[in-house]
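Remarks on the overall topology
The primary structure of each chain is shown beneath.
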Amino acid sequence: MERRTIGATALEVGAIGLGCMPMSWAYTGSRQRGEESVRALHTALDRGANLLDTADMYGPFTNELLVGRVLKERRSEAFVSTKCGLLVGEQHIVANGRPGYVRRACDASLRRLQTDVIDLYQLHRADPEIPVEETWGAMADLVRAGKVRALGLCAVGARASRRSGTGVGRPVVGGLHEGTIRQLERVQQVFPVSAVEAELSVWSPEALEALLPWCEARGVGLVAAMPLGNGFLTGTLTPGEGFEPDDVRARHPRFTAEMMAANQPVVAGLRRIARRHGPEVTAAQVALAWVLSRGRSVIPVPGAKQAGWVAENAKAAELRLTAADLAEIGELPAAQGSWD
């Protein structure tokens with residue numbers, strides 16, 4: 001697989017990574033099977049999709065334990081990204097950016113992941129009660145201690161509603177990532193940022209407006225989360241089919257039967273382009289190829305928990321969209337329905 005670099009330290013990863021969260025958290029619980037997920041992780045490494053993106057809150061903790069089972073055997077082949085800063089309760093999620101907690105969280109993640117170093121340690125969310133510089137300083141100390149190789153920050157801020165007339169090629173103007181950029185400017189004064197993780201997909205292109213240019217100007221990698229639109233852009237979801245209660249999409253405004261039906265033209269456009277590239281090419285691969293085409297500093301991490309999906313996603317790194325393909329995607333109708 002094509003290789004790309006993260007940050008000024010030029011950490012190398014496969015052009016496509018693997019989002020591990022669906023294996024343990026937030027998606028349909030009845031389909032989360034440990035052995036199947038282990039096969040998916042091995043498939044990712046076999047195909048060169050070596051950026052494994054997890055977090056201590058996924059489960060909580062069980063996702064890191066799962067990834068650790070594979071790292072115990074294949075650590076040298078993997079690039080491990082995990083996160084700290086969020087605590088999960090029964091009915092709530094709260095931020096904790098206290099330096100002492102950050103140090104303890106890192107040690108706990110290292111134990112669960114069965115490794116002595118984390119390649120990319122990300123701040124999931126800043127704690128509003130603690131200056132972000134203090135949290136980031138504690139994370140920088142972990143780099144100096146040899147427990148972490150590089151630091152990243154997850155984008156913050158509520159998702160904005162789509163506005164009429166804004167298609168895929170014309171991101172919404174309105175400063176969705178202004179808060180993230182302000183945080184980045186602050187922490188960059190303490191210790192270099194190597195990567196920012198933010199949502200970027202055909203139906204959520206807002207990161208292109210200001211966040212990606214900020215990253216490119218500073219040699220910072222963009223880890224593109226949810227590049228398949230929480231599964232919608234794969235074309236495998238049926239409007240009205242419904243989701244299990246523990247699936248976050250069951251409460252998501254864009255995943256109501258009405259909104260899923262209204263957004264089918266986006267999937268239809270991706271399928272149309274896929275057919276031009278051959279009978280084996282899928283809408284998901286076109287969606288991932290579009291994300292890859294946004295720049296050499298962009299690394300999509302599609303979530304998957306089955307080996308077949310992982311293999312399909314990895315092949316998207318071989319797909320080269322033409323100028324006509326990209327123009328057609330740019331003219332697709334804007335997604336309908338709020339992310340809020």
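Brief notes about the overall build of the protein chain
Counting its regular elements, the protein chain contains 11 helices and 12 strands. For the protein chain, the C-alpha radius of gyration of 19 Å lies close to 20 Å, the compact-globule estimate for 340 residues. Taking the principal axes of its C-alpha atoms as reference, the protein chain extends roughly 50 × 45 × 40 Å. Taken over 340 residues, the protein chain has a buried fraction of 57%. Of the contacts formed within the protein chain by residues at least 6 apart in sequence, a portion of 77% connects residues at least 24 apart. Here the protein chain displays about 13900 Å² of accessible surface, and carbon together with sulfur accounts for 51% of that area. Taking the average location of the 39 positive side-chain charges in the protein chain and that of its 38 negative ones, the two points are 1 Å from each other.

Some words on the sheet that holds strand β5 (residues 79–84)
Judged by pairing direction, the sheet is parallel, and its eight strands sit side by side in the order β3-β4-β5-β8-β9-β10-β11-β12 without closing on themselves. The open sheet has two free edges, formed respectively by β3 (18–19) and β12 (298–300), since each of these has just one partner strand. Direction of pairing for strand β4 (residues 51–53) relative to β5: parallel, over a ladder of three bridges. Residue pairing in the sheet places aspartate 53 in a bridge with serine 81 of β5.

Some points on the side chain of glutamate 64
Inspection of the secondary structure assignment puts glutamate 64 in helix α2 (residues 62–74). Within the local environment of glutamate 64, its side chain forms a polar contact with the side chain of serine 109, the two groups lying 2.8 Å apart.

Observations concerning the environment of alanine 155
As for its placement among the helices and strands, alanine 155 is situated in the loop between β9 (148–154) and α5 (178–188). Overall, the relative accessible area of 12% leaves alanine 155 in the buried class. Linking alanine 155 and histidine 177, residues 22 residues apart in sequence, is a C-alpha distance of 7.2 Å. Setting aside residues up to four positions removed in sequence, alanine 155 forms contacts with Arg125, His177, Thr180, Glu197, Ala198 and Leu211.

Some remarks on the nonpolar core
Within the largest apolar cluster, 89 residues are counted, with the highest numbers of intra-cluster contacts made by Leu52 and Tyr121. When residues in this core are grouped by element, the largest group, nine residues, is from helix α9 (residues 283–292). In this view, tyrosine 121 contacts Thr82, Lys83, Cys84, Val102, Ala105, Cys106, Met139, Leu142, Val148, Ala150, Leu151 and Gly152; residues no more than four positions away in its chain are not counted.

As for α5
All of the buried residues along α5 are Thr180, Ile181, Gln183, Leu184 and Val187. Looking straight down α5, one finds its buried side chains confined to an arc of 160 degrees; they lie on one side. Among the structural elements, α4 (132–144), β9, β10 (195–199) and α6 (211–218) are those in contact with the buried residues of α5.

What about the pairing of strand β2 (residues 11–14)?
As paired strands, strand β1 (residues 3–6) and β2 are joined by four bridges and run antiparallel to one another. Within β2, the residue paired with arginine 4 across the bridge is valine 13. Following β1, the chain reverses through four residues before pairing antiparallel with β2; glycine 7 in that reversal takes a positive phi of roughly 75 degrees.

A look at the packing of aromatic side chains
Overall, the coordinates contain four aromatic pairs when judged by the stated rule. An angle of 0 degrees between the planes, with centres 4.7 Å apart, marks the rings of tryptophan 203 and phenylalanine 232 as stacked. Remark: phenylalanine 232 occurs in the loop between β11 (221–225) and α7 (257–262) and tryptophan 203 occurs in the loop between β10 and α6; sequence separation between them is 29 residues. With relative accessibility at 1%, the residue tryptophan 203 sits in the buried group. Geometrically, the ring pair formed by tryptophan 203 and phenylalanine 255 is edge-to-face, given 5.9 Å between the ring centres and 80 degrees between the ring planes. Taken together, the residues span a long stretch of sequence, with tryptophan 203 in the loop between β10 and α6 and phenylalanine 255 in the loop between β11 and α7 at a distance of 52 residues. Ring pairs connect the aromatic residues Trp203, Phe232, Phe243 and Phe255, which therefore count as one cluster. Taking NZ or CZ as reference, arginine 249 lies 6.0 Å from the ring centre of phenylalanine 255, over its face. Residue placement shows arginine 254 over the ring face of tryptophan 203; its charged tip is 4.7 Å from the ring centre.

Here we look at the state of the cysteines
Following the criterion strictly, the structure yields zero disulfides and no others. Lacking any disulfide linkage, cysteine 20 is separated from the closest cysteine sulfur, that of cysteine 154, by 14 Å. As a non-bridged cysteine, cysteine 215 has cysteine 154 as the owner of its nearest cysteine sulfur, 12 Å distant. According to the relative accessible area criterion, cysteine 215 is buried, its value standing at 0%.

Describing helix α3 (residues 99–113)
Helix length check: α3, at 15 residues, gives a terminal C-alpha distance of 21 Å against a target of 21 Å (1.5 Å per residue), a fit within 8%. Turning to α3, its buried residues are Tyr101, Val102, Ala105, Cys106, Ala108, Ser109, Leu110, Arg112 and Leu113.

The rules we used
Residues numbered from 1 in each chain as written. Predicted model: local features only at pLDDT ≥ 70, side-chain atom pairs only at ≥ 80, totals over all residues. Heavy atoms only, no water. Helix = DSSP H or I, 4+ residues; strand = E, 2+ residues; numbered from the N terminus. Rg over C-alpha atoms; globule rule 2.2 N^0.38 Å. Buried < 20%, exposed > 50% of the residue type's maximum accessible area, 1.4 Å probe, protein only. Contact = heavy atoms within 4.5 Å. Areas by Shrake-Rupley, 256 points an atom, 1.4 Å probe, with all protein chains shown as cover. Lys, Arg positive; Asp, Glu negative; His and termini not counted. Charge placed at Lys NZ, Arg CZ, Asp CG, Glu CD. Pairing = 2+ DSSP bridges. Polar contact = N/O pair within 3.5 Å; in protein donor to acceptor, adjacent residues only side chain to side chain. Core = buried A, V, L, I, M, F, W, Y, C linked by side-chain atoms within 4.5 Å. Arc of directions from axis to C-beta. Phe/Tyr/Trp six-rings, centres within 6.5 Å; stacked < 30°, edge-to-face > 60°. Lys NZ or Arg CZ within 6 Å of the ring centre and 35° of its normal. Disulfide = S-S within 2.5 Å. Expected span 1.5 Å × (residues − 1).

Nothing here speaks to function; it is geometry throughout.
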